[in-house]
Amino acid sequence: MTSASINKDNHMKLTSSHWGTYRITGDDLVPVAQDMHPSAAGKGWFSAATDPKIRVARPSFRTRWLKGRDRDRHGAAEFVELPWDEALDIVAEELRRVIDVHGNQAIFGGSYGWASAGRFHHAQSQLKRFLICIGGCTSSRNTYSHAGTEVLWPHIIGLSNRDLMHELTSWDRICDHSKLIVSFGGISPRTAQISAGGTSTHSVQTWLERLSTDDRRMVNISPVKSDFEGAEWLPIRPGTDRALILALSQVILSHGLENRDFLNRCTVGAERFADSVMGRIDGIPKTPEWAEPICGIAAAEIELLALALVQNPSMLTMTWSLQRQDRGEETVWAGLNLACLIGQIGRPGCGFGYGYGSMNTSGQPVGLWNWPSFPQGNNPVKDFIPVARVTDMLESPGETFRYDGGTYKYPDIKLVWWAGGNPFHHQQDLNRLAKAWQNPETVIVNEHSWTATARRADIVLPATTPLERDDLMMMRRDPVLVYMSAVHPPFGEARNEYDIFGDLAARMGVGEAHGENRSSDDWLQYLWSQAEVYGRELGIDLPDFETFQQQGWFEIPNASRSTDLFSDFVADPEAHPLNTPSGRIEMSSAVIGSMGLDDISDTPGWADAAESLTSAGSDELHLISPQPEYRLHAQNDPGTATRATKIEGREPCRIHPETADRFDLSENDIVEIYNRRGSCLSAIVTDNGLHRDCIMLPTGAWLDIVEIDGQPVDVHGNPNVLTLDKGSSQLSQGNSAHTTLVRIRKWNGNAPPVTVFDGPALVQGQPEDVAL
């Protein structure tokens, strides 16, 4: 058994989050001493979680819904606060009405969001368990992060996206063996600050420092130089990576440098992919000269890079962001096929990688542990949507959609319930969502703060933050377990989701099935007892619950594990076949080809995106909306660290100095960024490390809509009022946030103030206000 040095007195309290683990010192949080590179995203956590202006103190009902069940949900609505008993009575009655009249499939419980890192107080798990106990709900599939590859990988490599992330070639192997790293999208410690489910320490920066000290060439193919510090920068136009990949493949094939032995033993469909690359399918050979005007990289550079890839021990990596665009699945598939042509997959430290830097755990040389989690049960309702199609669902009940080879119908949703997430942050084309959001009869939100989604709800139930409750951090790819101690009591009348749903379950007649006669503390002890059983099976001697609760930190012994992706398969494909129809990597997929999809074929090819610089107007720029540095998406945006980076209270955008000159803009100018979908205000920061045809506006500024001349304008700088809302393809229906063109102009006159952190209009209500 190993305990952290910080816990020698056995009285140190800790808590954990997606962005790090912290020592609790009075009313402050300090990163644990073991974390040599603590995240910037966590600096505003405490201040964001304790700001009384934005916290939801009591159960709150939108006044006009409460009195007349109207659906005019908007960010400036007035709310009435009611006591908990009356509030839960209303919620239970509304649930019964919807179920009796419309059935459980009319409830959308596909609530999506990062929520918190705790194993028990995970908002979506709590919501889904409750809804399943009362008969189920319409659900959602996949994630906004990597829906494209969640659907693609099982068809072409026989692994789920999660399993691939666990089997990636580890950093130590890359450092020891590779001599050339070519990264599409970069490898950034900024995005590697986080891990879903909890982070004990951060190590990506350490690995990058080790990479840069050896005799190794590193190439960053990205519109943003800082996406891979210390690497050669090839500033590519966004959305054109696939054109560059096809051209690199063409060079290798035209010189006869493809690894024929690897292709014959380990792949199927190589000739079909070659037909696509060489132009035998569409009549267009994908030469470097063809790619140059599309991606903006010189043909000679493309030729030299292709040759270097086959002449050196090479690792080709791709970020998750590449599949969050129009036909993004095809781009990542093309990257894998290029790695197959190079033929170094399975070799030590070489081959193909996906998601390095997209998450702190990607490539970490540690094991995998399937710790227990709060059980949700089996949902009897089979209706679902791909996660990013929520607006389509609300707009078009009964219409069909394609997904992974099937044809399905959008359900008719009457009640939406969201917990642990904020669709008015992460969904694309928020003005379109705002209109569709008027269609359900009732919207319920569990939330600790007055986010844009809470402000657009009918019923807001105040939930605790992770700083107000005990929990367990047991992340599958983190070698440390953390007991998360409460820092302070709940704010106002906020309650844990388990207790909220427990009281509702009792009202719905399923109290025992929901809670199994356990309190929150009982569940924590139960989950730990299950972890102890699992640990013994692996030879891990976990401390008893009371000891773990007191010490707070447990390091798993012998946690190191080095990996080379597909090494066993490449060594003997017959003995270790992949779980694909052929048992090999499918450079062309007969299964995908047989689906008859409009926008993706049986092997990667080229088609221009729905919005692209190759067909843009002279005054259009490509919008890049990356993960911000000082928050996790929209979490912690009200915190002091993020607020300190804003200009006149607005999220800053970055453009190249020459682009600023082109549009007659200066540093700190307030600008309007706009397109046919929407408009937002921002402030200019110039950056030489940005492609000249781009504007970068990080995601996560809390939506703050003001009507100006009859049009909605976000005055805070939220890029998702601009982003394109369409499925990446009919295969996965993932989001296409990175396929977005915008225009920019200086804002004339006084800009409206940002008021989103002031909280909504609240009045005290009485039970007689309720109109059932």
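Residues numbered from 1 in each chain as written. Predicted model: local features only at pLDDT ≥ 70, side-chain atom pairs only at ≥ 80, totals over all residues. Heavy atoms only, no water.

1. A look at the overall build of the protein
In step 1: Scanning the protein from terminus to terminus reveals 26 helices and 32 strands.
In step 2: Over its C-alpha trace the protein gives a radius of gyration of 26 Å, about what one expects of a compact globule, namely 28 Å for 772 residues.
In step 3: Seen through its C-alpha atoms, the protein measures out along the principal axes to roughly 80 × 65 × 50 Å.
In step 4: Across the 772 residues that make up the protein, the buried fraction comes to 64%.
In step 5: Sequence-distant contacts, at least 24 apart, represent 76% of the contacts inside the protein between residues at least 6 apart.
In step 6: Carbon and sulfur atoms form 46% of the exposed surface of the protein, whose accessible area is close to 26700 Å².
In step 7: When the 68 positive and 99 negative side-chain charges of the protein are each reduced to one mean point, those points stand 2 Å apart. (Helix = DSSP H or I, 4+ residues; strand = E, 2+ residues; numbered from the N terminus. Rg over C-alpha atoms; globule rule 2.2 N^0.38 Å. Buried < 20%, exposed > 50% of the residue type's maximum accessible area, 1.4 Å probe, protein only. Contact = heavy atoms within 4.5 Å. Areas by Shrake-Rupley, 256 points an atom, 1.4 Å probe, with all protein chains shown as cover. Lys, Arg positive; Asp, Glu negative; His and termini not counted. Charge placed at Lys NZ, Arg CZ, Asp CG, Glu CD.)

2. Some details on unusual backbone geometry
In step 1: We note that Asn517 has phi near 60 degrees; this positive angle belongs to a residue other than glycine.
In step 2: Position of Asn517 relative to the elements: it lies in the loop between helix 20 (511-515) and helix 21 (520-537).
In step 3: One non-glycine residue, Asn636, adopts positive backbone phi at about 75 degrees.
In step 4: Along the chain, the position of Asn636 falls in the loop between strand 24 (621-624) and helix 25 (640-645).

3. Regarding the sheet that holds strand 9 (residues 217-221)
The strands making up a sheet are joined through hydrogen bonds of the backbone, oriented either antiparallel or parallel.
In step 1: Strands sit in the order 10-9-8-12-13 across an open sheet of five strands; the sheet is parallel. A single partner strand is all that each edge strand has here, and the edge strands are strand 10 (232-234) and strand 13 (351-354). For this sheet, the mean angle separating the axes of adjacent strands, direction not counted, is 20 degrees.
In step 2: As judged from the three bridges shared by strand 9 and strand 10, these two strands associate in the parallel manner. (Pairing = 2+ DSSP bridges. Axes fitted to C-alpha atoms, helices over the stretch in contact; angles between N-to-C directions.)

4. Description of the pairing of strand 19 (residues 459-462)
In step 1: With burial as the criterion, each face of strand 19 is covered, one bearing Ile459 and Leu461 and the other bearing Val460 and Pro462.
In step 2: Note that strand 18 (residues 442-447) and strand 19 share four bridges and pair parallel. What sits directly across from Asn446, in strand 19, is Leu461.

5. Some words on the pairing of strand 5 (residues 78-81)
In step 1: Bridge count between strand 4 (residues 60-62) and strand 5: three bridges; the pairing is antiparallel. The partner of Ser60 across the bridge, within strand 5, is Glu81.
In step 2: Pairing of strand 5 with strand 32 (residues 761-764), which is carried by four bridges, proceeds in the parallel orientation. By the bridge assignment, Val80 is partnered in strand 32 with Val763.

6. Looking at the pattern of salt bridges
In step 1: In total, this model carries 51 salt bridges according to the counting rule given.
In step 2: A salt bridge links Arg272 to Asp602, with the shortest nitrogen-to-oxygen separation between them at 2.8 Å. Taken as a pair, Arg272 in helix 11 (residues 270-278) and Asp602 in the loop between helix 24 (590-594) and strand 24 lie far apart in primary sequence, 330 residues in all.
In step 3: For Asp602, a relative accessible area of 14% corresponds to the buried category. (Salt bridge = Lys/Arg side-chain N within 4 Å of Asp/Glu carboxyl O.)

7. Re the environment of Gln530
In step 1: By the secondary structure assignment, Gln530 is in helix 21.
In step 2: Spatially, the C-alpha atom of Gln530 lies 6.5 Å from that of Pro372, the residues being 158 residues apart in sequence.

8. Notes on helix 21
In step 1: Under the 1.5 Å per step criterion, the end-to-end length of helix 21 is 26 Å for 18 residues, consistent within 8% with the ideal 26 Å.
In step 2: The set of residues buried in helix 21 consists of Ser520, Trp523, Leu524, Leu527, Trp528, Ala531, Glu532, Tyr534 and Gly535.
In step 3: Summarising the contacts, the buried residues of helix 21 are in contact with helix 4 (123-133), strand 20 (471-473), strand 21 (480-484), helix 19 (497-507), helix 20 and helix 22 (545-551).
In step 4: One or two residues past the end of helix 21 sits Gly539, with phi positive at roughly 80 degrees. (Expected span 1.5 Å × (residues − 1).)

9. Re helix 3 (residues 84-102)
In step 1: Spanning 19 residues, helix 3 covers 27 Å between terminal C-alpha atoms, matching the ideal 27 Å at 1.5 Å per step.
In step 2: What helix 3 keeps buried is the set Trp84, Ala87, Leu88, Ile90, Val91, Ala92, Glu94, Leu95, Val98 and Ile99.
In step 3: A positive phi of about 90 degrees marks Gly103, the residue just after helix 3.

10. Let's talk about the nonpolar core
In step 1: Judged by nonpolar contacts, the single largest core of 149 residues is most densely connected at Phe184, Ile345, Phe352 and Ile673.
In step 2: Setting aside its immediate chain neighbours within four residues, Ile673 contacts Cys653, Gly678, Ser679, Cys680, Ser682, Ile695, Leu697, Leu722, Val742, Arg743 and Ile744.
In step 3: Core analysis: the next-biggest nonpolar cluster, separate from the first, contains 35 residues, Trp84, Ala92, Ile459 and Phe501 among them. (Core = buried A, V, L, I, M, F, W, Y, C linked by side-chain atoms within 4.5 Å.)

11. Some thoughts on the sheet that holds strand 32
In step 1: Strand order in the open sheet formed by seven strands is 6-17-18-19-4-5-32, and the pairing between neighbours is mixed. Edge positions in the sheet fall to strand 6 (107-108) and strand 32, since each has one partner strand and no second.
In step 2: Bridge count between strand 6 and strand 17 (residues 415-419): two bridges; the pairing is parallel. In the strand pairing of strand 17, Ile107 is matched with Leu415.
In step 3: Contacting strand 4, strand 6, strand 17, strand 18 and strand 19, helix 3 crosses the sheet at an angle of about 130 degrees to strand 17.
In step 4: Running over the sheet, helix 4 touches strand 6 and strand 17 and is turned about 145 degrees from strand 17.

12. Focus on the packing of aromatic side chains
In step 1: This structure, assessed with the given rule, holds 33 aromatic pairs.
In step 2: Their ring planes at 65 degrees and their centres at 5.9 Å tell us that Phe130 and Trp417 sit as a pair that is edge-to-face. Taken together, the residues span a long stretch of sequence, with Phe130 in helix 4 and Trp417 in strand 17 at a distance of 287 residues. The same class applies to Phe130 and to Trp417, which are both buried.
In step 3: In this structure, Arg495 is placed above the aromatic ring of Trp84, and the distance from its NZ or CZ to the ring centre is 5.1 Å.
In step 4: Above the face of the Tyr526 ring, Arg518 is positioned so that its terminal group lies 4.0 Å from the ring centre. (Phe/Tyr/Trp six-rings, centres within 6.5 Å; stacked < 30°, edge-to-face > 60°. Lys NZ or Arg CZ within 6 Å of the ring centre and 35° of its normal.)

13. Quick word on the environment of Arg743
In step 1: Relative to the helices and strands, Arg743 resides in strand 31 (residues 741-746).
In step 2: When its relative accessible area of 28% is taken as the criterion, Arg743 is described as partly exposed.
In step 3: Taking the C-alpha atoms as reference points, Arg743 and Ser222, 521 residues apart in sequence, are found 21 Å from one another.
In step 4: Only 2.8 Å separates the side chain of Arg743 from the side chain of Asp619, close enough to count as a polar contact. (Polar contact = N/O pair within 3.5 Å; in protein donor to acceptor, adjacent residues only side chain to side chain.)

14. Focus: empty space enclosed by the protein
In step 1: Following the criterion strictly, the structure yields three cavities of 30 Å³ or more and no others.
In step 2: Of the voids in this model, the largest cavity is the one considered here, and its volume is about 60 Å³.
In step 3: Around the largest cavity, the lining residues are Pro238, Gly239, Thr240, Gln325, Trp606, Asp608, Ala609, Glu611, Ser612, His622, His738 and Thr739.
In step 4: Its volume calculated, the second largest cavity comes out at about 40 Å³.
In step 5: Here the residues of the lining of the second largest cavity sort into three nonpolar, two polar and three charged. (1 Å grid on protein atoms, 1.4 Å probe; cavity = no way out; pocket = protein on both sides within 12 Å on 5 of 7 lines; lining within 4 Å. Points joined across faces, edges and corners; volume = space filled by probe spheres on them. Nonpolar A, V, L, I, M, F, W, Y, C, P; charged D, E, K, R; others polar.)

15. Quick look at the layout of surface pockets
In step 1: Of the pockets and cavities examined, the second largest pocket occupies roughly 1500 Å³.
In step 2: Taken together, 39 residues form the lining of the second largest pocket, with His122, Thr143, Arg162, Ala196 and Gly197 sitting closest to its centre.
In step 3: Here the lining of the second largest pocket gets four residues from one element, more than from any other, and that element is helix 6 (residues 161-167).
In step 4: For the lining of the second largest pocket, the class distribution of residues is ten nonpolar, 22 polar and seven charged.

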